[in-house]
Amino acid sequence: MTKLICIVCPKGCHLQVDVGDTIVVTGHACNRGVEYGKNELKNPVRVITSTVRIENAIYRRIPVKTASPIPKPLIRKAMLLLDKISLAAPVEVGQIVVEDICGTGIPFVASRSMERVEKAEG
C-alpha cells in the first residue's frame with residue numbers, strides 16, 4: 001500500500017493506494033482523488049512554473065509555465081532548458097517560450113504580458 005496526499009485541490013486528502021490486479025484508491029473525498037492516486041503511481045506529472053530572463057522590460061524576469069503537465073522525471077531537464085532562455089520585450093501572455101520540452105510536444109508559455117521599456121540614457 002502506498003500513502004499519498006492528494007494535490008488536486010486544497011483539501012489535501014490522505015490517500016491509500018493499493019496495487020493488485022487493479023488499483024484501489026481509498027481516503028478520497030472526490031473522484032479527482034481516485035484519478036490522481038492512480039496516475040501518481042502509473043505516470044506522475046506536474047505543471048512547472050518558473051521565470052526566464054527578459055530584456056528591455058520593467059522587470060528582469062518574466063513568469064513562464066508548462067502549457068500542460070509534463071512527466072515528473074523530466075522536471076530537472078526542463079528547468080535546465082529555461083536557464084538558457086532570454087526573451088526580448090514585448091512578450092504577450094500565452095506566447096510560446098520553448099516550443100517542445102524534452103520531446104513531450106508540450107511548450108513553456110509566458111504567464112503574463114510585459115511591454116517594452118526604453119532605458120534612459122546617462
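Here the structure is shown first, and the text comes after it.
Procedures and definitions
Residues numbered from 1 in each chain as written. Predicted model: local features only at pLDDT ≥ 70, side-chain atom pairs only at ≥ 80, totals over all residues. Heavy atoms only, no water. Core = buried A, V, L, I, M, F, W, Y, C linked by side-chain atoms within 4.5 Å. Buried < 20%, exposed > 50% of the residue type's maximum accessible area, 1.4 Å probe, protein only. Helix = DSSP H or I, 4+ residues; strand = E, 2+ residues; numbered from the N terminus. Contact = heavy atoms within 4.5 Å. 1 Å grid on protein atoms, 1.4 Å probe; cavity = no way out; pocket = protein on both sides within 12 Å on 5 of 7 lines; lining within 4 Å. Points joined across faces, edges and corners; volume = space filled by probe spheres on them. Nonpolar A, V, L, I, M, F, W, Y, C, P; charged D, E, K, R; others polar. Polar contact = N/O pair within 3.5 Å; in protein donor to acceptor, adjacent residues only side chain to side chain. Pairing = 2+ DSSP bridges. Expected span 1.5 Å × (residues − 1). Arc of directions from axis to C-beta.

1. A short note on the nonpolar core
In terms of nonpolar packing, the biggest core is built from 21 residues, with Val 52, Ile 54, Ile 62, Leu 87, Val 97 and Phe 108 touching the most fellow members. Going through the elements one at a time, strand 5 (49-55), strand 6 (61-66), helix 2 (75-83), strand 9 (96-98) and strand 10 (108-110) are the ones with two or more residues in this core. Apart from residues lying up to four places away in sequence, Val 52 is in contact with Arg 60, Arg 61, Ile 62, Val 64, Leu 82, Ile 85, Leu 87 and Val 97. Leu 4, Cys 6, Val 17 and Val 34 belong to the second-largest nonpolar core, a separate cluster that totals 8 residues.

2. Details of the layout of surface pockets
Approximately 250 Å³ is the volume attributed to the largest pocket. Taken together, 13 residues form the lining of the largest pocket, with Ile 7, Val 8, Tyr 36, Val 45 and Arg 46 sitting closest to its centre. Listed by contribution, the elements that provide at least two residues to the lining of the largest pocket are helix 1 (31-42) and strand 4 (45-46). It is helix 1 that contributes the most residues to the lining of the largest pocket, 5 residues altogether. Across the lining of the largest pocket, the residue classes tally to 7 nonpolar, 2 polar and 4 charged.

3. Concerning the side chain of Thr 66
Within the secondary structure, Thr 66 sits in strand 6. Looking at Thr 66, its side chain comes within polar contact range of the main-chain oxygen of Ser 68, at 3.0 Å. When sequence neighbours within four positions are dropped, the list of residues in contact with Thr 66 reads Arg 46, Val 47, Ile 48, Ile 101, Ile 106, Pro 107 and Phe 108.

4. Quick look at the pairing of strand 2 (residues 14-19)
Two faces, one strand: in a regular strand the side chains alternate between the faces of the sheet. Note: strand 1 (residues 2-5) against strand 2, 4 bridges, orientation antiparallel. Counterpart to Ile 5 in the pairing with strand 2 is His 14. In this sheet, strand 3 (residues 23-26) lies alongside strand 2 in antiparallel orientation, the contact comprising 4 bridges. Within strand 3, the residue paired with Val 17 across the bridge is Val 25. Connecting the antiparallel pair strand 2 and strand 3 is a turn made up of 3 residues.

5. A word on helix 1
Relative to the 16 Å expected for 12 residues at 1.5 Å per residue, helix 1 spans 17 Å between its end C-alpha atoms, a close match to the ideal helical length. All of the buried residues along helix 1 are Gly 33, Val 34, Tyr 36, Gly 37 and Glu 40. Viewed along the axis of helix 1, the buried residues span an arc of 165°, placing them on a single side of the element. The outward face of helix 1, more than 90 degrees from its buried face, is lined by the exposed residues Asn 31, Glu 35 and Lys 42. Buried residues along helix 1 sit against strand 1, strand 2, strand 3 and strand 4.

All quantities given are derived from atomic positions and should not be read as evidence of function.
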